[in-house]
Amino acid sequence: MMATMVRVVLMIVLLALPLRGASALPATTTAAGNPTIVVAIIATLSGPGAMAGQDSVDGFTTALRQMGGRFANQEVRVLVVDDHGSPDTAVQVTRRLLEREKVDFVLTAVSQAAMAAIIRPLLDAHIFVINLDAVPPALAGPDCSPWLFEMGTPPDAIGEAAGAYFATEKFRRVAVVGPDSPATTAAVAALKRTWTGEVVAVLRPRHGAVSYETEIAQLRDLAPDAVYTVLTGGMGLAFVRDYAASGLKPDLPLIGAWTGFERPSLTAMADQGLDILNVAPWSPDLDTPLNKRMIFDFELEYGRPATSWVAHGYDAALLLESTMKSTAGRTGDRDAMRHGLRRAEFASVRGGFRFDSNHMPSVTLYLRRVTHDAKGRLSEELRGVLLKDWHSREVAQCPMRWVEEPVVVPPKPGAPAAAPKPGTAKPPVKKPQ
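What to know about the overall build of the chain
Next, step 1: When helices and strands are tallied, the chain shows 11 helices and 15 strands.
Next, step 2: Counting over 433 residues, the chain shows a buried share of 53%.
Next, step 3: In the chain, once contacts between residues fewer than 6 apart in sequence are set aside, the share between residues at least 24 apart is 71%.
Next, step 4: With the model as given, the accessible surface of the chain reaches about 18400 Å², and the carbon-plus-sulfur share is 56%.

Remarks on the nonpolar core
Next, step 1: In terms of nonpolar packing, the biggest core is built from 101 residues, with F60 and Y228 touching the most fellow members.
Next, step 2: Contacts of Y228, omitting those with residues within four sequence positions, involve I158, G159, A162, F166, V174, A175, V176, V177, L191, I255, G256 and A257.

Remarks on the pattern of salt bridges
Next, step 1: One pass over the full model with this rule turns up 21 salt bridges.
Next, step 2: For E101, the salt bridge identified is with R77, shortest N-O distance 3.4 Å. Of this pair, E101 sits in the loop between α2 (87-100) and β5 (105-109) while R77 sits in strand β4 (residues 74-82); the two residues are 24 residues apart in sequence, bridging distant segments of the chain.
Next, step 3: E101 gets classed as buried once you look at its relative accessible area, which sits at 6%.
Next, step 4: Residue R368 pairs with E380 through a salt bridge whose shortest N-O separation is 3.7 Å.

Structural notes on the state of the cysteines
Next, step 1: Taken as a whole and judged by the stated rule, the model has one disulfide.
Next, step 2: Across the disulfide from C144 sits C398; the S-S distance is 2.0 Å. Taking the sign of the S-S torsion, 85° for the link of C144 and C398, the bridge is right-handed. Placement of C144 in the loop between β6 (128-131) and β7 (148-150) and of C398 in the segment after β15 (378-390) is noted, with a sequence separation of 254 residues between them. Of the two residues, C144 and C398, neither departs from the other in class, the shared state being buried.

Brief notes about the side chain of E262
Next, step 1: Its location among the elements puts E262 in the loop between β11 (254-257) and α8 (263-269).
Next, step 2: Residue E262 is classed as buried on the basis of its relative accessible area, which comes to 1%.

Describing the pairing of strand β8 (residues 173-177)
Next, step 1: With four of five residues buried, β8 is to be regarded as a mostly interior element.
Next, step 2: Bridging between β8 and strand β9 (residues 198-203) involves five bridges; their strand directions are parallel. Each bridged residue has a counterpart across the sheet, and for V174 the counterpart in β9 is V199.
Next, step 3: In this fold, the crossover linking β8 to β9 by way of helix α5 (residues 182-194) has right-handed handedness.
Next, step 4: Summarising the sheet, β8 and strand β10 (residues 226-229) pair through four bridges and their orientation is parallel. The residue bridging V177 from the neighbouring strand is T229, located in β10.

Some details on helix α4 (residues 155-168)
Next, step 1: The end-to-end C-alpha distance of α4 is 20 Å, a good match for the 20 Å that 14 residues give at a rise of 1.5 Å each.
Next, step 2: When you tally the buried positions in α4, you get 11 out of 14 residues, the bulk of the element.
Next, step 3: Those residues of α4 lying buried are D156, A157, I158, G159, E160, A161, A162, G163, A164, Y165 and F166.
Next, step 4: Where α4 terminates, the next one or two residues include K170, which has phi positive at roughly 60°.

Things to note about the confidence of the model for the chain
Next, step 1: Overall, the prediction assigns the chain a mean pLDDT of 87, with 85% of residues at 70 or greater.
Next, step 2: Contacts of residues 1-33 to residues separated by more than four positions or lying in other chains number 81 contacts, the stretch itself having pLDDT below 50.
Next, step 3: Every residue in residues 406-433 scores below 50 in pLDDT, and together they form 35 contacts with partners more than four places removed in sequence or on other chains.

Some thoughts on the packing of aromatic side chains
Next, step 1: Evaluation of the coordinates by the stated rule reveals 15 aromatic pairs.
Next, step 2: Taken together, a centroid distance of 5.6 Å and an interplanar angle of 40° make the contact between F346 and F353 tilted.
Next, step 3: Here F346 falls in the buried class, since its relative accessible area comes to 14%.
Next, step 4: Accessibility expressed as a relative area gives 8% for F353, which makes it buried.
Next, step 5: The rings of Y165, F166, F171, W195 and Y228 are connected pair by pair, giving a single aromatic cluster.
Next, step 6: The cationic tip of R338 hangs over the ring face of W147; the distance from NZ or CZ to the ring centre is 4.4 Å.

As for the environment of H207
Next, step 1: Along the chain, H207 falls in the loop between β9 and α6 (213-222).
Next, step 2: According to the relative accessible area criterion, H207 is exposed, its value standing at 74%.

Description of the packing of helix α10 (residues 308-326) against helix α11 (residues 334-343)
Next, step 1: Orientation of α10 relative to α11, taken along the N-to-C sense of each, is 135°, at an axis distance of 8 Å. In terms of orientation, α10 lies oblique with respect to α11. Crossing handedness for the pair α10 and α11: right-handed. Along its contact with α10, which presents L319, L320, T323, M324 and S326, the element α11 presents A336, M337, G340, L341 and R343.
Next, step 2: Grouping the amino acids of the contact of α10 with α11 by side-chain chemistry returns six nonpolar, three polar and one charged.

What about the pairing of β5?
Next, step 1: Judged by how many residues are buried, β5 sits mostly within the fold: five of five residues are covered.
Next, step 2: Burial along β5 is two-sided: the residues F105, L107 and A109 and V106 and T108 are all buried.
Next, step 3: For strand β2 (residues 37-43) and β5, the ladder comprises five bridges, and the chain directions are parallel. Paired with I41 across the two strands is L107, which belongs to β5.
Next, step 4: The pairing of β5 with β6 spans four bridges and is classified as parallel. Note on β6: the bridge partner recorded for F105 is F128.
Next, step 5: You can see the chain leave β5, run along helix α3 (residues 112-124) and come back into β6, and the turn it takes is right-handed.

Definitions and limits used
Residues numbered from 1 in each chain as written. Predicted model: local features only at pLDDT ≥ 70, side-chain atom pairs only at ≥ 80, totals over all residues. Heavy atoms only, no water. Helix = DSSP H or I, 4+ residues; strand = E, 2+ residues; numbered from the N terminus. Buried < 20%, exposed > 50% of the residue type's maximum accessible area, 1.4 Å probe, protein only. Contact = heavy atoms within 4.5 Å. Areas by Shrake-Rupley, 256 points an atom, 1.4 Å probe, with all protein chains shown as cover. Core = buried A, V, L, I, M, F, W, Y, C linked by side-chain atoms within 4.5 Å. Salt bridge = Lys/Arg side-chain N within 4 Å of Asp/Glu carboxyl O. Disulfide = S-S within 2.5 Å. Pairing = 2+ DSSP bridges. Right-handed = clockwise from strand over helix to strand, strands pointing away. Expected span 1.5 Å × (residues − 1). pLDDT = per-residue confidence, 0-100. Phe/Tyr/Trp six-rings, centres within 6.5 Å; stacked < 30°, edge-to-face > 60°. Lys NZ or Arg CZ within 6 Å of the ring centre and 35° of its normal. Axes fitted to C-alpha atoms, helices over the stretch in contact; angles between N-to-C directions. Parallel < 35°, antiparallel > 145°, perpendicular 65-115°, else oblique. Left-handed = near helix turned anticlockwise from the far one by under 90°. Nonpolar A, V, L, I, M, F, W, Y, C, P; charged D, E, K, R; others polar.

The following block contains the structure:
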């Protein structure tokens, strides 16, 4: 197995409530005192959200394995802790992590509620936090931090890309189906920022619903131009099955958010998921050598399809590698590390990637269609780009303003040093270069 070639110490530590008797984190020294770079990952590896958390961790590990377990030729030590999908547990494991380890980077792949509960202790400890899932909106605006970087795909980006699609298709009336939570309200608001049509109804089925006859009857009576679903998990699967069985699918297009249509979920949908469109930050058929390598190595090692969460984790490892290269592997100069993170000088498997001045990502959003691949398996087919270089609307509310430091390449012996280019001040929203 490829894993035998790795020089990574990967420790899975399941720290759950009650804490008495939980596994203890071993002592370590910092990368400033030895050649080891220490990365901690706080993720949901059990309970609801486990697929996203595990894929994020395994995507990161796939990239690190390809690098031989090193960033900038420095050995990497990885610690993984599980929050079990609970904000309270997330607080406990974060506290124990900070008490027992001195890490260089913390990667987070947890729910927004858990992230809100743990982010302040992490930032107060002056640790670079690389988030792989959605962050609470305030962290993109007035509460932005020089210690926090977002690698995931913000839900607003998906909603605004869906709105752009509806505008292109000249849809005038759209119905939205989502959980009875603030996430659905936020999805509708994002949709309206790029589309001027009418949301004829927002249907919120009860939590845990397994049958949708009532909602489908309402959709039939409303007769919108399209239906946008942000249901995920078991609810999302059940809705797709009922929608297809109702006979509405050929005449009333169903468009979803990527979180409900990743490839592991398609197996449960079976052919009832065919031809459904969804908005996503990544597609398995993006035709780049790096994307093909990620998919091949990930699926060979783990025996399951790569997902957008895998792409998030994989990109995070590439970001840290580029950061460590910019500091020649040294972690003692935090300002230099921050500048390295901000430059994000790596090739993303998702396409172009940059950080805005609030450390939120500027990303590309795609339209995908559920189809069969060459082996007859349900997969995703890229249908086009919906938004290129998306920027968060909260960027203007973030007080951070930063300047890229010039990159100075040491001259060859005997050659005169090239004059560095002047730094460029970052505007609230950066233009593509």
